[in-house]
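# Fold and geometry: a report
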Amino acid sequence: MDPRTIDFFLRGYGMDPNLMDTAVRAMERVQRAQAKIESLVSYNQARVLEAFHYARVSERCLFGSSGYGYGDEGRDVLDRVYARAFKAEAALVRQQFVSGTHAIACALFGAMHGRDMLVCATGAPYDSLLPVIGKPGAPGTIAGMGYPVGVLELDEAGTVDIPRLREAVSKSRSVVFIQRSCGYEWRPSLSVSDISQVISEIRASNPDTVVVVDNCYGEFVEDMEPLEAGADLICGSLIKNPGGGLCTSGGYIAGKAELVELAAERLTCPGNGSYVGSNAAGYRHMYQGFFMAPMVVGQALKGAIFASRFFEEIGFDVLPHFSAPRTDIIQGVKLGSPDRVLAFCRGIQRASAVDSFVRPVPSDLPGYDKQVVMAGGTFVQGSSIELSADAPMREPFAVYLQGGLTTQHVMLGALFAAHEMAKGELLPVADAEN
Ligand SMILES: *Cc1c(COP(=O)(O)O)cnc(C)c1O
């Protein structure tokens, strides 16, 4: 927050000078942690560029196709770019995935072929996947198709229950599902190295196990992706990290070629698989978004590091701590009351470039069982690589802040969130003594 930003912008919104001082102190404290992100970004940028070279991306690839999309070069080369960058045999990158949930669902339905059971190793999966797993008897769901589903709860430190996992996989030919990011749970996310250890245990108990990782929010946050840790498939959303803020919809699946094709046959149908599917709008934004993604993720991470220190300084519990290693772009802030959650989200919305004047309210969402409040006036609807905050309206009233196409925008958003809480006299008392 340099003085001109404060004079020109923040004073105009009536922001408390104490909050601006807190922000300046937080900025100074996080400089070293933010500087580490630069070397991550340059390494991942190099990986992505190498993938573009390897796949021989040409100008022709940027244009669209129509109808069946037979021989659509833009589509096929984009698959090769993702596969190379994520160290996969094959990848399926499609605008036709309507959400990350859809991509994960196709990956799981495909992978279940010929398997005995599904084991969720990281507790109940993300809320929107619960209807996909379903219940025995529920048509079209994994459980409804007759597969037993085992859910192994994580302990408070977010550690996987290895003894029970080993027992489960040793007795069956299972698919193990691992979620890298914490979702709406107040627990640490699993690093790629944590995932690697879990996968070694699985392989030691039964090498014939398929491991699927929900990689949402994780892409480019580390210098390795879960396929390098031994996973068979990873999946994610293009309106999160790998879309670089430019993709307007879609998802991806990458990993073992045979499993990617089984998933493609779920997205389309047997016989069509990955070979059919056109995109009249073209692929420019998908290529450019992937090219920009390492940098954009870096911007979001530097913003999250600032927000972590800033809200900690104000007096809230934060997860992760600003100096801790990260494996996803999520910054949890435990606010402790519904009033604060709503004020925080009003602040993030107020700071958005689009729809800054609307007021976020909790509502029911398809696939989520608790009411959720979501803030984010984004260029792409629901995009969470753009600055956004979500909170399920339940204990411990934590808000999950993520994204931000520029670090500066995240910093301004954090100030607005604190400002909205201050206006409602909702900040912890300790702050008055600063
Ligand atoms: C975002 C996300 C998903 C997929 O959610 P969509 O809203 O369907 O894209 C799945 N798992 C995790 C952990 C996520 O963060």
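Check the entry above for the structure.
This part covers the layout of surface pockets. Of the voids in this model, the second largest pocket is the one considered here, and its volume is about 730 Å³. For the second largest pocket, the lining is made up of 31 residues, of which Ser 323, Ala 324, Pro 325, Arg 326 and Thr 327 are closest to its centre. For the lining of the second largest pocket, the secondary-structure elements that each account for two or more residues are α3 (31–54) and α10 (284–314). In terms of residue count, α3 provides more of the lining of the second largest pocket than any other element does, seven residues in total. In terms of residue class, the lining of the second largest pocket is built from 17 nonpolar, seven polar and seven charged.

Our next topic: the packing of helix α1 (residues 3–10) against helix α12 (residues 407–423). Interhelical geometry of α1 versus α12 gives an angle of 55 degrees and a closest axis separation of 13 Å. Considering their axes alone, α1 and α12 lie oblique with respect to each other. The handedness of the crossing between α1 and α12 is right-handed. Only Leu 412, Leu 415 and Phe 416 of α12 make contact with α1, whose side of the interface consists of Thr 5, Phe 9 and Leu 10. Here the contact of α1 with α12 is built from residues that sort into five nonpolar, one polar and no charged.

The next point concerns unusual backbone geometry. Omega for the bond connecting Leu 319 with Pro 320 falls within 30 degrees of zero, at -5 degrees, which places this linkage in the cis form. When you line up the elements, Pro 320 lands in the loop between β8 (317–319) and β9 (331–334). That bond from Glu 395 to Pro 396 is cis: its omega, 0 degrees, falls within 30 degrees of zero. A positive phi angle, close to 60 degrees, is found at Asp 355, a residue other than glycine. Among the secondary structure elements, Asp 355 is positioned in the loop between α11 (338–350) and β10 (363–365).

The next point concerns helix α2 (residues 17–29). What sets the pattern is the α-helix's 3.6 residues per turn: residues three or four places apart point alike. Given a rise of 1.5 Å per residue, 13 residues ought to cover 18 Å, and the 19 Å separating the end C-alpha atoms of α2 matches this to within 8%. Restricting attention to buried positions, one finds in α2 the residues Leu 19, Met 20, Thr 22, Ala 23 and Ala 26. Axial view of α2: buried residues confined to an arc of 155 degrees, hence all on one face. Those residues of α2 that are buried are in contact with α1, α10 and α12. Backbone nitrogen of Asn 18 and a side-chain oxygen of the N-cap are separated by 2.8 Å at the start of α2; the cap is Asp 16.

Turning to the environment of Gly 14, a few remarks are in order. The residue Gly 14 is located in the loop between α1 and α2 in this model. Its relative accessible area of 52% is what places Gly 14 among the exposed residues.

What follows is about the environment of Ser 172. Within the secondary structure, Ser 172 sits in the loop between α7 (162–170) and β4 (174–179). A relative accessible area of 8% places Ser 172 in the buried class. It is 34 Å that separates the C-alpha atoms of Ser 172 and Lys 240, two residues lying 68 residues apart in sequence. Setting aside anything within four residues of it in sequence, one finds Ser 172 in contact with Asp 116, Met 117 and Asn 206.

What follows concerns the sheet that holds β4. The seven strands are arranged β1-β7-β6-β5-β4-β2-β3 in an open sheet whose pairing can be described as mixed. The open sheet has two free edges, formed respectively by β1 (90–94) and β3 (149–151), since each of these has just one partner strand. For this sheet, the mean angle separating the axes of adjacent strands, direction not counted, is 15 degrees. Across five bridges, the pairing between β1 and strand β7 (residues 251–255) is antiparallel. Note on β7: the bridge partner recorded for Val 93 is Tyr 252.

Glancing now at the nonpolar core. Formed by 101 residues in total, the largest nonpolar core has its most connected members in Leu 165, Ile 178, Val 212 and Ile 253. Not counting chain neighbours up to four residues away, the residues in contact with Ile 178 comprise Ala 121, Thr 122, Leu 190, Ile 195, Val 198, Ile 199, Val 211, Val 212, Val 213 and Asp 214. Counting residues in each nonpolar core, the second largest holds 41 residues, with Leu 335, Cys 345, Ala 351 and Leu 401 among its members.

Summed over the entire model, instances satisfying the criterion amount to 22 salt bridges. In this structure, the salt-bridge partner of Arg 346 is Glu 420, at a minimum N-O distance of 3.5 Å. Residue Arg 346 is found in helix α11, and its partner Glu 420 is found in helix α12; the two are separated by 74 residues along the sequence. By relative accessible area, Arg 346 is classed as partly exposed at 23%. A single salt-bridge network, built from bridges that share partners, covers Arg 25, Arg 309, Glu 312 and Glu 313.

Criteria and thresholds
- By convention here, each chain's residues receive numbers from 1 onward along its written sequence.
- Local features are withheld for residues below a pLDDT of 70 in this predicted model, meaning they are given only at 70 or higher, and side-chain atom pairs are given and counted only at 80 or more; totals for whole chains, interfaces and linings count all residues.
- Hydrogens and waters are ignored; side-chain quantities use all the structure's heavy atoms.
- Whether a set of points on the 1 Å grid over the protein atoms alone is a cavity depends on a 1.4 Å probe fitting there but being unable to get out, while an open set qualifies as a pocket with protein on both sides within 12 Å along at least five of seven lines; lining residues are those with an atom within 4 Å of a point.
- Grid points are joined across faces, edges and corners, and a volume is the space filled by probe spheres set on the points.
- Helical segments are the DSSP runs of H or I of at least four residues, strand segments are the runs of E of at least two, and each set is numbered from the N terminus.
- Under the grouping applied here, Gly and all other residues not named as nonpolar or charged are polar, the nonpolar ones being Ala, Val, Leu, Ile, Met, Phe, Trp, Tyr, Cys and Pro and the charged ones Asp, Glu, Lys and Arg.
- Axis definition: a line fit to C-alpha positions, over the contact stretch in the case of helices; interaxial angles, taken between N-to-C directions, run 0 to 180 degrees.
- Note that the term roughly parallel is reserved for angles under 35 degrees, roughly antiparallel for angles over 145, roughly perpendicular for angles of 65 to 115, and oblique for everything else.
- Two helices cross in a left-handed way if the nearer one is turned anticlockwise from the farther one by less than a right angle. They cross in a right-handed way if the turn is clockwise.
- Whether two residues are in contact is decided by their heavy atoms: any pair within 4.5 Å suffices.
- Here a helix's expected span is defined as the number of its residues, less one, multiplied by 1.5 Å.
- We call a residue buried when its accessible area falls under 20% of the maximum for its residue type, exposed when it is over 50%, and partly exposed in between, using a 1.4 Å probe and counting protein chains only.
- Note that the arc is defined by the directions from the helix axis to the C-beta atoms.
- Any N or O atom pair separated by 3.5 Å or less is treated as a polar contact, with the protein-specific requirement of one donor-capable and one acceptor-capable atom, and with residues adjacent in sequence counted only for side-chain atom pairs.
- Think of it this way: DSSP has to see at least two bridges between two strands before they count as a pair.
- Residues belong to a common nonpolar core when they are buried Ala, Val, Leu, Ile, Met, Phe, Trp, Tyr or Cys residues joined through side-chain atoms within 4.5 Å.
- For this analysis, a salt bridge means a side-chain nitrogen from Lys or Arg found within 4 Å of a carboxyl oxygen belonging to Asp or Glu.

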